[in-house]
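Structural description and commentary
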Amino acid sequence: MTLRPLVAGDLDALVALDAATNPHPWSAGLWRDALNRDLGTGLTDPNGMLIGFTVASRVLDEAELQLIAVSPEHQRRGLGRHLLDTLLATLRHDGAVRLFLEVRVGNTAAQALYAQCGGEIVGRRKGYYDHGREDALLYTFTLNGEAQ
Ligand SMILES: CC(C)(COP(=O)(O)OP(=O)(O)OC[C@H]1O[C@@H](n2cnc3c(N)ncnc32)[C@H](O)[C@@H]1OP(=O)(O)O)[C@@H](O)C(=O)NCCC(=O)NCCS
């Protein structure tokens, strides 16, 4: 398995992988914007097929994880952890102070991954998803020095 930056040529594969893993997948337009703007890392199998990704945005000394996914047939093999640990190490190296993210309260798989990687719950946004139907938990990962 290889990690590499996401590129414009990944668009179709990203749209397909997002559709297979995300109940509310991004449109191709959103993906195009993200590829132009954000920090994207792809995970490929030995044939070069995209099987996972992270997309994060950086503003000053903070970063936000927008999306993380591993293809259903490759889940529970440590790849999500590898992707997130790599992102955290990259941000730490680049001097970011913290990474934060929002996750659906019902997404217990992702929450278990975030806890394993050192994430802490610092808040809850009521009715953040689906027009008020599901809350978000706010996670923070402290990277360099004191957070807050
Ligand atoms: C969340 C996701 C990226 C995890 O990827 P993964 O490669 O399966 O994760 P890992 O194999 O590295 O698992 C790391 C830990 O996370 C937890 N975990 C992962 N999947 C889990 C599941 N289905 N149920 C419970 N815990 C789970 C476990 O603690 C696991 O450690 P363990 O295998 O030693 O018990 C993957 O489930 C996914 O793509 N989900 C759909 C997209 C999504 O919800 N993304 C997050 C919001 S953007």
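See above for the structure.
Let me sum up the structure you'll find in this document. Quick caveat, the model's predicted, so the values are computed rather than measured.

1. Quick look at the side chain of Asp 18
Along the chain, Asp 18 falls in helix H1 (residues 11-21). One buried charged side chain, Asp 18, makes no salt bridge at all; its nearest oppositely charged neighbour is Arg 104, positioned 10 Å away. If we skip the residues at most four places from it in the chain, Asp 18 touches Pro 25, Trp 26, Trp 31, Phe 53 and Leu 67.

2. Digging into helix H3 (residues 79-93)
Taking 1.5 Å as the rise per residue, H3 with 15 residues should run 21 Å; its terminal C-alpha atoms sit 21 Å apart, in good agreement. Every buried residue of H3 is listed here: Leu 79, Gly 80, Leu 83, Leu 84, Leu 87, Leu 88 and Leu 91. Backbone geometry just after H3 places Gly 95 at a positive phi near 90°.

3. Section: the pattern of salt bridges
Applying the stated criterion across every chain, the model contains nine salt bridges. With a shortest N-O distance of 2.8 Å, Arg 4 and Asp 10 are connected by a salt bridge. Accessibility expressed as a relative area gives 27% for Arg 4, which makes it partly exposed. Arg 104 is the partner of Glu 134 in a salt bridge, and the nearest nitrogen-oxygen pair spans 3.0 Å. In this pair, Glu 134 sits in strand E7 (residues 134-142) while Arg 104 sits in strand E5 (residues 98-104), placing the two residues 30 residues apart along the sequence. Under the relative-accessibility criterion, Glu 134 is labelled buried at 18%. Taking the relative accessible area as the measure of exposure, Arg 104 reaches 17% and is therefore buried. Several salt bridges share partner residues, and in doing so they unite Arg 104, Asp 130 and Glu 134 into one network.

4. Observations regarding H1
Those residues of H1 lying buried are Leu 11, Leu 14, Leu 17 and Asp 18. Axial view of H1: buried residues confined to an arc of 130°, hence all on one face. For H1, exposure combined with an orientation more than 90 degrees from the buried face picks out Asp 12 and Ala 19. Packed against the buried residues of H1 are helix H2 (28-37), strand E3 (50-59) and strand E4 (62-70).

5. Re the sheet that holds E5
Taken in spatial order, the seven strands make up an open sheet running E1-E2-E3-E4-E5-E7-E6, and their pairing is mixed. In the strand order of this sheet, the two ends are held by strand E1 (2-5) and strand E6 (120-129), each with one partner. In this sheet, adjacent strand axes meet at a mean angle of 25° when their direction is disregarded. Of the strands in this sheet, E3 and E4 touch H1, which is tilted by about 95° from E3. Those strands touched by helix H4 (residues 108-116) are E4, E5 and E7, and its axis lies near 160° from that of E5.

Here is what the cut-offs are and how they apply
Residues numbered from 1 in each chain as written. Predicted model: local features only at pLDDT ≥ 70, side-chain atom pairs only at ≥ 80, totals over all residues. Heavy atoms only, no water. Helix = DSSP H or I, 4+ residues; strand = E, 2+ residues; numbered from the N terminus. Buried < 20%, exposed > 50% of the residue type's maximum accessible area, 1.4 Å probe, protein only. Lys, Arg positive; Asp, Glu negative; His and termini not counted. Salt bridge = Lys/Arg side-chain N within 4 Å of Asp/Glu carboxyl O. Contact = heavy atoms within 4.5 Å. Expected span 1.5 Å × (residues − 1). Arc of directions from axis to C-beta. Pairing = 2+ DSSP bridges. Axes fitted to C-alpha atoms, helices over the stretch in contact; angles between N-to-C directions.

Don't take any of this as a statement about function, it's just geometry.
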